[in-house]
Amino acid sequence: MTKKTYVLVGTGGRAEFFYGAIAGHYKETSELLAFCDVNQTRMNYANRLLEEKYSYRRVNTYQADQFEEMIAAEKPDAVIVTSVDRTHHTYIIRALELGCDVITEKPMTVDEVKCQEILDAVKRTGKNVRVTFNYRYAPHHTKARELIQDGVIGQVHSVHFEWLLNTKHGADYFRRWHRDKRNSGGLLVHKSTHHFDLVNFWIGSQPQEVFAFGDLLFYGRENAEKRGETKFYDRATGNPHAQEDPFALHLDKNEHLKAMYLDAEVEDGYRRDQSVFGDGINIEDTMGVLVRYKNNAILTYSLNAYMPWEGYRIAFNGSKGRIEMNIIEQSYVNSGGDKALEGAIVGKSILVFPMWKTPYEVEVEEGKGGHGGGDPVLLNDIFGTPMPDKFNRAADHIDGARSILTGIAANKAIRTGQPVKVDTLVKF
Ligand SMILES: NC(=O)c1ccc[n+]([C@@H]2O[C@H](COP(=O)([O-])OP(=O)(O)OC[C@H]3O[C@@H](n4cnc5c(N)ncnc54)[C@H](O)[C@@H]3O)[C@@H](O)[C@H]2O)c1
């Protein structure tokens, strides 16, 4: 069998999900040829894991400015993009222009200008972009799509969606590069791309108009000072002030985090353990969004990043009844432990309330693995033998764009105080 060949850009925490799958379960169908990153130490560590954990061979490494050289030398079928969000579009577009398909992590990109450039590049080159929306594949998420598609509650007129990020995983965004909106688009793009993609997928529609409020009300130095905090530090590792802080992450206490970030920071100055109560955070931690969809449905969405538990509550209100879904997710720090526990489910219920009839609970087979059991199914779809899928869960650049446009429009609404028509942002 001819193997499909890959190179990967961005060898941080998420990268192992892909290169581990290629080097492990999917080594008969797929081959990894090279890594590309701005940080050689991180690429060397990824190569060490390839050898020691996956018994694979070391692959060639290229600096970010050698990307084109890498494509010319390695001639991969596809490029996997798992770098910092702000850089995705650069690699997506260059890869397409050099004749490769692309598999990119979410969010596809962070603003409307970069989004348009990607849409244009796909049209120009005729190559494919796949966005890895693992949440679509979680069995309970697919079940919600199935119930709505089967008309169990009739036409969905409104969705009420509350997502909670807790003081462990939610706090992690405020320690890392995500805390700068230029890198991540803020949580309404970086994180909510998953949620807004799910809503598009569930109700089978697209966002039309968006309004939002958002603010930084908990993290950041000013908020901590208002609450009476007097001790501050810039990074946790090795700092006595951070010893008692439950929000601190000590990179030297976790072998994996130390090798991937602490030992690598001499090269690029990137510190993964910044204080969540430090200066320089310009993303929101408290957000409320109102969306009108093209099929007339209305979404009310709330995201808070400092909650005591992690997960969500959602209600779909339809012409024939209501579905309520409650999910509690495992708490985690990105790359701080077992990947299969990232977003794993610890409690869930789906209740259907048919109009005039007795409510009932819908049983869903437990999904094993990260992101509610979505991760392993997604990997099979990409690297294995995809089964015909009546739910069309494989997401392309159009799905990638529609999922970020709600957050990009929400960011604009926060900046301007005005509702934003999504069609004014990009042309498909
Ligand atoms: N789908 C999911 O569930 C999920 C989970 C985690 C992360 N992600 C996504 O994966 C991506 C990476 O996140 P992460 O947590 O691994 O972050 P990370 O900080 O651990 O890794 C980012 C990597 O990108 C590299 N990088 C930075 N600038 C670069 C450039 N200009 N060119 C090439 N490489 C560059 C960094 O050196 C680092 O190795 C993000 O887009 C994130 O949204 C998705």
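Bear in mind that the values here come from a model prediction, so they are computed numbers and not experimental data. (Residues numbered from 1 in each chain as written. Predicted model: local features only at pLDDT ≥ 70, side-chain atom pairs only at ≥ 80, totals over all residues. Heavy atoms only, no water.)

Caption draft 1: Main features of the pairing of strand β1 (residues 4–9). The buried count for β1 comes to 5 of 6 residues, which makes it a mostly enclosed element. Pairing between β1 and strand β2 (residues 30–37): 6 bridges, direction parallel. Note that in β2 the partner of K4 across the bridge is S30. The parallel pair β1 and β2, bridged by helix α1 (residues 15–23), forms a crossover whose chirality is right-handed. The pairing of β1 with strand β4 (residues 78–81) spans 4 bridges and is parallel. Paired with L8 across the two strands is I80, which belongs to β4. (Buried < 20%, exposed > 50% of the residue type's maximum accessible area, 1.4 Å probe, protein only. Helix = DSSP H or I, 4+ residues; strand = E, 2+ residues; numbered from the N terminus. Pairing = 2+ DSSP bridges. Right-handed = clockwise from strand over helix to strand, strands pointing away.)

Caption draft 2: Spotlight on the domain arrangement of the protein chain. Each assigned domain of the protein chain is listed with its residue range as follows: domain 1 (4–134), domain 2 (135–219 + 281–371 + 395–424) and domain 3 (221–268). A straight line from the C-alpha centre of domain 1 to that of domain 3 covers 30 Å. Each partner contributes to the interface: domain 1 provides 11 residues, whereas domain 3 provides 8 residues. Carbon and sulfur atoms make up 48% of the area that domain 1 and domain 3 hide from each other, which totals about 840 Å². (Domains from an automatic or database assignment. Contact = heavy atoms within 4.5 Å. Buried area = accessible area lost by both parts, 1.4 Å probe.)

Caption draft 3: Fine view of the packing of α1 against helix α14 (residues 374–383). Contact geometry for α1 and α14: axes closest at 11 Å, N-to-C directions at 60°. In terms of axis orientation, α1 runs oblique to α14. Here α1 runs over α14; the crossing is right-handed. Counting all contacts with α1, which are made through F17, F18, A21 and I22, the residues of α14 involved are D375, L378, L379, I382 and F383. Residues belonging to the contact of α1 with α14 are distributed by class as follows: 8 nonpolar, no polar and 1 charged. (Axes fitted to C-alpha atoms, helices over the stretch in contact; angles between N-to-C directions. Parallel < 35°, antiparallel > 145°, perpendicular 65-115°, else oblique. Left-handed = near helix turned anticlockwise from the far one by under 90°. Nonpolar A, V, L, I, M, F, W, Y, C, P; charged D, E, K, R; others polar.)

Caption draft 4: Region of the structure containing the state of the cysteines. Using the criterion set out here, one finds 0 disulfides in the structure. Between C100, a free cysteine, and C36, which holds the nearest cysteine sulfur, the sulfur-to-sulfur gap is 12 Å. Taking the relative accessible area as the measure of exposure, C100 reaches 2% and is therefore buried. (Disulfide = S-S within 2.5 Å.)

Caption draft 5: Just the packing of aromatic side chains, in detail. For the coordinates displayed, the defined rule picks out 25 aromatic pairs. On the numbers, 6.5 Å between centres and 85° between planes, the contact of Y19 with Y54 is edge-to-face. In this pair, Y19 is assigned in helix α1 and Y54 in the loop between α2 (40–52) and β3 (60–63), connecting sequence segments 35 residues apart. Its relative accessible area of 2% is what places Y19 among the buried residues. Accessibility expressed as a relative area gives 21% for Y54, which makes it partly exposed. Consider the rings of F161 and W163, whose centres lie 5.9 Å apart with planes at 50°: the pair is tilted. Here F161 matches W163 in class, with each residue buried. Within the aromatic cluster, the residues linked to one another by ring pairs are Y135, F161, W163, F196, W202, Y301, Y312 and F316. In this structure, R221 is placed above the aromatic ring of F232, and the distance from its NZ or CZ to the ring centre is 4.0 Å. Taking the ring centre of F428 as reference, the NZ or CZ of R402 above it sits at 4.8 Å. (Phe/Tyr/Trp six-rings, centres within 6.5 Å; stacked < 30°, edge-to-face > 60°. Lys NZ or Arg CZ within 6 Å of the ring centre and 35° of its normal.)

Caption draft 6: Local environment of helix α4 (residues 88–97). Of all 10 residues that make up α4, 7 are buried, and the element is covered over most of its length. Those residues of α4 that are buried lie in contact with β1, α3 (67–74), β4, β5 (101–104), α5 (112–125) and β6 (129–131). Phi turns positive one or two residues past the end of α4, at G99, with a value near 90°.

Caption draft 7: Local environment of the pattern of salt bridges. For the structure shown, the criterion picks out 28 salt bridges. When the shortest N-O distance is used, the salt bridge between D111 and K114 registers 3.0 Å. The class of K114 is buried, set by a relative accessible area of 18%. Across the pair E324 and R322 runs a salt bridge, and its minimum N-O distance is 2.8 Å. Each of D172, R175, R176 and R272 takes part in salt bridges that share partners, so that together they form one network. (Salt bridge = Lys/Arg side-chain N within 4 Å of Asp/Glu carboxyl O.)

Caption draft 8: A look at the nonpolar core. Counting residues in each nonpolar core, the largest one holds 94 residues, and the members touching the most others are F161, W202, Y219 and F316. The biggest single contributor to this core is helix α15 (residues 397–416), with 7 residues. Not counting the four nearest positions on each side in its chain, F161 is found in contact with H195, V199, W202, L299, T300, Y301, S302, Y312, R313 and I314. (Core = buried A, V, L, I, M, F, W, Y, C linked by side-chain atoms within 4.5 Å.)

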